[in-house]
Amino acid sequence: MRKIALGRSGMEVSRLGFGCMGLAEFYGAPASQEQVDEVLTAALEAGITHFDTADMYGRGLNEEQISGFVNAHRKEIVLATKFGAVRTDNPADRVIDNSPDYVMRACETSLKRLGVEVIDLYYMHRRNTDTPIEESVGAMAELVREGKVRHIGLSEMNADTLRRAHAVHPITALQSEFSLSTQDVAGEMLPVCRELGVTYVAYSPLGRGLLSGTYTPDTEMEDSDFRKYLPRFDKDRLAENLKPVDVLKDIAVAHEASPAQIALAWVLAQGDDILPIPGTTKPERVWANAGAADLTLSKDDLDRLAQAFEGAITGDRYPPMGMESVGL
């Protein structure tokens, strides 16, 4: 798999990364350590070198799950983690903390869980506007000076915040959702990222499975699957939101590919400064996702997809509480 530049950091990453979140929670029960090691090994064998986690995934479990693998292959891996979304005793609740003191403490905790001396890319996961972005990024910059972090990023923040942050310390990556089913954020942020030389890291590039071609309007989700509580997946909207996936399936047949591969190929076609980070718990799906990097969509393919998905997806990306902390 070929590599692309990670912002203006001087580092390179594989054309696709790997999102580790689902190994810990959100899409069902946590993966066993054996499953974790198998899927991460498959990713590295497929040429994937960028692995993305966060301290909130599984309340620290995800960082611990991947630590053994990361340390066994440290020189080959570009490691990213995040801070700022603090879990509480209520599973459905969280507190956002970007205070300089918390930034420093959160980094120390992540370093310990991961068992590493330095984090390659450290993100502010979400923003609390009570703390000026300049103060938060100032603390992150101090971590760089101390050698605990190599580069810094932001997640789900707006253009003004990105510009203000970048004025304090170079921002290497902005992470936000981006897929055929979620295009609005990138429409606003990509021009600013390109102006500043910031890589756009696309999480949920398969629309949290909506674009995989495996869902039907009657799909039932377990209580432990947080998609059950997302507006786009509720029974009133799912049937409508799946309609444009039929076009995705048609194009997949023509390419002898899967709908998921076509959806990833579409993200890749939007530019070499966009880094999708699909996740899975199954090694075979890792290899399938990696195969998307070898697909080339025609102008007709891209036009058909644009027409099919324009205005077709209804419902917010998150429940109300989740939407309150994005785009700040």
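Quick caveat: nothing in here was measured; it's all calculated off a predicted structure.

A.B. asks: Now, about the sheet that holds strand β12 (residues 274-276): what can you tell me, with residues and values included?
C.D. replies: One open sheet accounts for eight strands, arranged β3-β4-β5-β8-β9-β10-β11-β12; its pairing is parallel. Only two strands of the sheet have a single partner each, and these edge strands are β3 (18-19) and β12. In this sheet, strand β5 (residues 78-83) lies alongside strand β4 (residues 50-52) in parallel orientation, the contact comprising three bridges. The residue bridging D52 from the neighbouring strand is A80, located in β5. Against the sheet, helix α4 (residues 133-145) engages β5, β8 (119-124) and β9 (149-155), with an angle of about 155° to β9.

A.B. asks: An account of the nonpolar core is requested, with residue identities and associated values reported.
C.D. replies: Residues F18, L23, L40, F51, Y200 and L305 are the most contacted members of the largest nonpolar core, which totals 110 residues. No other element matches helix α9 (residues 259-269), which puts eight residues into this core.

A.B. asks: Describe the state of the cysteines, with residues and values.
C.D. replies: Within the structure shown, the criterion is met by zero disulfides. Cysteine C107 is unpaired, with the sulfur of C20 as its nearest cysteine sulfur at 18 Å.

A.B. asks: Give a detailed account of the pairing of strand β10 (residues 171-177), specifying residues and quantitative values.
C.D. replies: When you tally the buried positions in β10, you get seven out of seven residues, the bulk of the element. For the handedness criterion, the β-α-β arrangement of β9, helix α5 (residues 159-168) and β10 is classed as right-handed. Pairing between β10 and strand β11 (residues 199-203): five bridges, direction parallel. Among the inter-strand pairings, E177 is bridged to a residue of β11, identified as Y203. With helix α6 (residues 184-196) bridging β10 and the parallel β11, this β-α-β connection has right-handed handedness.

A.B. asks: Mind laying out the pattern of salt bridges, listing which residues take part and the relevant values?
C.D. replies: For side chains bearing opposite charge, pairing can occur when the charged atoms are close. Per the stated rule, a full pass over the model turns up 25 salt bridges. For D101, the salt bridge is made with R105, and the minimal N-O distance between the two is 2.9 Å. Of the two residues, D101 and R105 both sit in helix α3 (residues 100-114), four residues apart, roughly one turn of that helix. Measuring nitrogen to oxygen at the nearest pair gives 2.6 Å for the salt bridge that ties D273 to R194. With a gap of 79 residues between them, D273 in the loop between α9 and β12 and R194 in helix α6 connect regions that are remote in the sequence. D273 sits in the partly exposed class, given a relative accessible area of 22%. Several salt bridges converge on common partners, so that one network encompasses E156, E177, R208 and R317.

A.B. asks: Quick one: what's the story with the packing of helix α2 (residues 61-72) against α3, residue by residue and with numbers?
C.D. replies: Orientation of α2 relative to α3, taken along the N-to-C sense of each, is 60°, at an axis distance of 7 Å. In this view, α2 runs oblique relative to α3, as classed from their interaxial angle. Contacts between α2 and α3 involve E63, E64, I66, S67 and N71 from the former and S110, R113 and L114 from the latter. Residues of the contact of α2 with α3, tallied by class, amount to two nonpolar, three polar and three charged.

About the cut-offs
- By convention here, each chain's residues receive numbers from 1 onward along its written sequence.
- Residues qualify for local features only when their pLDDT is at least 70, as the model is predicted, and side-chain atom pairs are given and counted only at 80 or more; totals for whole chains, interfaces and linings, by contrast, use all residues.
- Excluding hydrogens and water, the side-chain values take into account all heavy atoms of the structure.
- We call two strands paired when DSSP finds no fewer than two bridges between them.
- Segments assigned H or I by DSSP are reported as helices when at least four residues long, segments assigned E as strands when at least two residues long, and all are numbered from the N terminus.
- Pairs of residues are marked as contacts when any of their non-hydrogen atoms sit within 4.5 Å.
- Axis definition: a line fitted to C-alpha atoms, over the contacting stretch in the case of helices. Angles run 0 to 180 degrees between N-to-C directions.
- Grouping buried Ala, Val, Leu, Ile, Met, Phe, Trp, Tyr and Cys residues that are joined through side-chain atoms within 4.5 Å yields what is termed a nonpolar core.
- Buried, partly exposed and exposed residues are distinguished by accessible area as a fraction of the type maximum, computed with a 1.4 Å probe on protein chains only: under 20%, between the cut-offs, and over 50%, respectively.
- By definition, disulfides here are pairs of cysteine sulfur atoms that lie within 2.5 Å.
- With strands facing away from the observer, any crossover in which the path from the first strand over the helix to the second runs clockwise is taken as right-handed.
- The working definition used for a salt bridge is a side-chain nitrogen of Lys or Arg within 4 Å of a carboxyl oxygen of Asp or Glu.
- Between 65 and 115 degrees an angle is taken as roughly perpendicular, under 35 as roughly parallel, over 145 as roughly antiparallel, and anywhere else as oblique.
- Each residue receives one of three labels: charged for Asp, Glu, Lys and Arg, nonpolar for Ala, Val, Leu, Ile, Met, Phe, Trp, Tyr, Cys and Pro, and polar for the others, Gly being one of them.

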